[in-house]
Amino acid sequence: MTWPCFSTANARDSDTKESVASEPSAGAACRRPGSDVPAESFVPESFVPESFGPASVDPALEAEQVGRLHQTVTFRDGRIERWREGVLGIVGAGLIGGRLAREAVLSGIGQVRIWDPDKTEPTNRTTQYGQVGVPKVDNVRADCDRIRLGHVLSFQTTIQHASIETLAQCDVLIDCSDDPRLVWTLTELSNGLGVPLLRAAVDGSGQMELGRVSSSGTLPDAACQLCSFSLDDLLKHRTRKACPGPWATQLAPTQAGGAIGGAIASIALLQAQRLVTGNDTLLVPNTEVLLDLTNMRLIHLKLERSVECLSGHRRWTLTRLNAPVEQTSVSELMAIIERDVGTPDLAISFYQHPLSLQAFCSCGATLDAPGTPWAEPPVCGACGTAMEWLQETELGSLSAARAAELNILHVGLDRLGIPAGAMVVVCMPNRPDRRFVLSGGESSSNPGVPRV
Ligand SMILES: [Zn+2]
Ligand SMILES: [Zn+2]
């Protein structure tokens, strides 16, 4: 059996980076009851049909609305209260992720946090709700706000640019991205932050009504999404454009309809409810549920943990820093870290945000300029168009001396494209790496155009 849309991955290996792959990212860990989270959501007035009526914000009415659910087996023993305080992190707001978010809010989830860089396209209109030209996450959030106001935080960006803090506060991460290149990043985040990961995907070949939901746990014997991967699997789809240029990132469109999408979203919802409520959790970790509606079969597979797993199953120890990216320069960050680790002999790198040292233009010009994939690139002096960061010049890590050479010691972190809540990895001679998380990043936002 082949799985055209989710059999292999093309994620970057950020820890053993020898190539110039292209996907930056972020990740951390605690619980955030939904009731503590400010209602950031809003419904853009331009696309709220009046017929939906006012959204409910009355807690008593809300409790009544979800009251019958506590009689269902998954929410038994009062565990619906855990769901009502739970936080789901959903990656991808399309065929599966959009349905999942709406159902989660409908069933009383404390909060959904959802990431997707894309806007709704005309071709999405037969399988996804929402207005064309509007960011998918905004369409999802607007719909969810009509169901129950203020339970969605939306981020129009890729998961690599997410705040680690915002991810760490999720009870479950659910990959609905249909992007096999995110497998490495999401697995690393799940392992590092200790947040279980579900992966929900459909066979996008158009040949079968088929999909699956796999689950990675965070317990010591749990399998992760990479346990069955070889290095060849990871590299298989890594194709390049002519140099210089970014990695080719175009994926074939998903040829799948709402029926299988909805069925897979439902299975993912149920598995998430089990993980959050603690009821029937034995049915979730180390499993893969295959749903083959072409042959009307449901298959429950066991995933085995590999002792030689490429991911290493590493859990991160994170140190929080009070360092807002808008108010912190490179030198200030290094000074804070130096005080904490007790030595100036260190080099830093921003997780999933490698620093390029040059930009290039399609006219052939190149320019020495430092920036990460999310920094605004310089304008070409020769032809006046926006340049692109040259990934071939990405730096592994940055020492204070190198930062001085590059003249970026006094540049603000936000100007380099570092997001709020980013993770900074600190390397020191003869000492284990340390990981620090910058403050911020929990509000809905549109943090700029990501590299795609
Ligand atoms: Zn593994
Ligand atoms: Zn040019």
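Residues numbered from 1 in each chain as written. Chains lettered and ligands numbered in written order. Predicted model: local features only at pLDDT ≥ 70, side-chain atom pairs only at ≥ 80, totals over all residues.

Chemist: Could you give an account of the overall build of the protein chain, with specific residues and numbers?
Modeler: Secondary structure summary: the protein chain contains ten helices and 17 strands in total. The buried share of the protein chain, taken over its 452 residues, is 48%. Counting only contacts in the protein chain whose residues sit at least 6 apart along the sequence, the fraction spanning at least 24 positions is 74%. (Helix = DSSP H or I, 4+ residues; strand = E, 2+ residues; numbered from the N terminus. Buried ≥ 20, exposed ≤ 12 C-beta atoms within 10 Å, placed from the backbone. Contact = placed C-beta atoms within 7 Å.)

Chemist: Please set out the sheet that holds strand β6 (residues 210–216) residue by residue, giving values where relevant.
Modeler: Read across the sheet, eight strands follow the order β3-β2-β1-β4-β5-β6-β7-β8 without closing on themselves; strand pairing throughout is mixed. Whereas interior strands pair on both sides, the edge strands pair on one side only; in this sheet they are β3 (152–155) and β8 (297–302). Put simply, the sheet's adjacent strands are angled 15° from each other on average, direction ignored. In this fold helix α4 (residues 136–147) packs onto β2 (111–115) and β3, with an angle of close to 170° to the strand it touches most, β3. Helix α6 (residues 183–193) rests against β1 (87–91), β4 (172–175), β5 (197–202) and β6 of the sheet, and its axis sits at about 170° to β4. (Pairing = 2+ DSSP bridges. Axes fitted to C-alpha atoms, helices over the stretch in contact; angles between N-to-C directions.)

Chemist: Could you give an account of the packing of helix α3 (residues 97–106) against α4, naming the residues involved and the relevant values?
Modeler: Packed helix pairs are characterised by how far apart their axes lie and by the angle those axes make with each other. The N-to-C vectors of α3 and α4 enclose an angle of 20°; their axes lie 9 Å apart at closest approach. It follows from the interaxial angle that α3 and α4 lie roughly parallel. For the pair α3 and α4, the sense of crossing is right-handed. On α4, the residues touching Gly98, Ala101, Arg102, Val105 and Leu106 of α3 are Lys136, Val140, Asp143, Cys144 and Ile147. Across the contact of α3 with α4, the residue classes break down as six nonpolar, one polar and three charged. (Parallel < 35°, antiparallel > 145°, perpendicular 65-115°, else oblique. Left-handed = near helix turned anticlockwise from the far one by under 90°. Nonpolar A, V, L, I, M, F, W, Y, C, P; charged D, E, K, R; others polar.)

Chemist: Before we move on, can you summarise the sheet that holds strand β15 (residues 398–399) with the specific residues and values?
Modeler: Sheet strands pair by backbone hydrogen bonding; their relative direction is either parallel or antiparallel. Strand order in the open sheet formed by five strands is β9-β17-β16-β10-β15, with mixed pairing between adjacent strands. Edge positions in the sheet fall to β9 (318–320) and β15, since each of these pairs with one other strand and no more. Both strand β16 (residues 423–428) and strand β17 (residues 431–437) contribute to a ladder of five bridges, which runs antiparallel. Within β17, the residue paired with Met423 across the bridge is Val437. Each of β9, β10 (347–350), β16 and β17 touches helix α9 (residues 330–341); the most contacted strand, β16, lies at about 55° to it.

Chemist: Kindly report on the confidence of the model for the protein chain, identifying the contributing residues and their values.
Modeler: When pLDDT drops low, the exact placement of atoms in the prediction is not to be read closely. Looking at the protein chain, the pLDDT average stands at 82 and 80% of residues meet or exceed 70. Confidence drops under a pLDDT of 50 for residues 1–55, and excluding neighbours within four residues, the segment shows 144 contacts in the predicted structure. (pLDDT = per-residue confidence, 0-100.)

Chemist: How would you explain the packing of α3 against helix α8 (residues 258–277) if you had to name every residue and give the values?
Modeler: At a closest axis distance of 9 Å, the pairing of α3 and α8 adopts a crossing angle of 50°. The orientation of α3 relative to α8 falls into the category oblique. Helix-helix and strand crossings are classified by hand; for α3 and α8 the assignment is right-handed. In this structure, α3 contributes Arg99, Leu100, Glu103 and Ala104 to the contact, and α8 contributes Gly261, Gly262, Ala265, Ala268 and Leu269. Its residues placed into classes, the contact of α3 with α8 shows five nonpolar, two polar and two charged.

Chemist: Can you lay out the nonpolar core for me, pointing to particular residues and giving the numbers?
Modeler: Of all hydrophobic cores here, the largest spans 95 residues; its most connected members are Ala101, Ile174 and Ala268. The leading source of residues in this core is α8, at nine residues. Among the domains, domain 1 (34–302) and domain 2 (318–437) are the pair contributing at least three residues each to this core. Apart from the residues within four sequence positions on either side, Ala101 is in contact with Ile90, Ala93, Val112, Ile114, Val140, Cys144 and Val152. In this structure, Ala359, Met387, Trp389 and Leu390 belong to the second largest nonpolar core, which totals seven residues. (Core = buried A, V, L, I, M, F, W, Y, C linked by C-beta atoms within 7 Å. Domains from an automatic or database assignment.)

Chemist: Tell me about the pairing of β10, and please be specific about residues and values.
Modeler: Along any regular strand the residues' side chains alternate between the sheet's two faces. The sheet contact formed by β10 and β15 spans two bridges and is antiparallel. Across the sheet, the residue bridging to Ile348 is Leu398, located in β15.

Chemist: With reference to specific residues and values, describe the pairing of strand β7 (residues 287–292).
Modeler: Pairing of β6 with β7 involves five bridges; the strand directions are antiparallel. The residue bridging Gly211 from the neighbouring strand is Leu291, located in β7. Strand direction decides the pairing type here: β7 and β8, joined by six bridges, are antiparallel. Among the inter-strand pairings, Val289 is bridged to a residue of β8, identified as His300. A loop of four residues connects β7 with β8, the two strands running antiparallel in sequence, and Met296 in this loop sits at a positive phi of about 50°.

Chemist: So what's going on with α4? Residues and values would help.
Modeler: Compared with the 16 Å implied by 1.5 Å per residue over twelve residues, the 17 Å span of α4 between its first and last C-alpha is a close match. With respect to burial, α4 is a largely interior element, ten of its twelve residues being buried. Within α4, burial applies to Lys136, Val137, Asp138, Asn139, Val140, Arg141, Ala142, Asp143, Cys144 and Asp145. (Expected span 1.5 Å × (residues − 1).)

Chemist: Describe unusual backbone geometry, and please don't skip the residues or the numbers.
Modeler: The phi dihedral of Met296 is positive, around 50°, even though this residue is not glycine. Turning to its location among the elements, Met296 is positioned in the loop between β7 and β8. We classify Met296 as exposed; it has 8 C-beta atoms within 10 Å.

Chemist: Could you give an account of the environment of Asp433, with specific residues and numbers?
Modeler: As for its position among the elements, Asp433 is in strand β17. Sequence separation between Asp433 and Thr317 is 116 residues; the distance between their C-alpha atoms is 9.9 Å. Not counting residues within four places of it along the chain, the set of residues in contact with Asp433 comprises Val425, Val426 and Cys427.

Chemist: Explain the environment of Leu321 residue by residue, including any values.
Modeler: Residue placement: Leu321 occurs in the loop between β9 and α9. C-beta crowding within 10 Å serves as the criterion here: with 16 such atoms nearby, Leu321 is assigned to the partly exposed category. Placed 115 residues apart in sequence, Leu321 and Phe436 show a C-alpha to C-alpha distance of 6.6 Å. Non-local contacts of Leu321, meaning those with residues more than four positions away in its chain, are made with Ile336, Phe436, Val437, Leu438 and Ser439.

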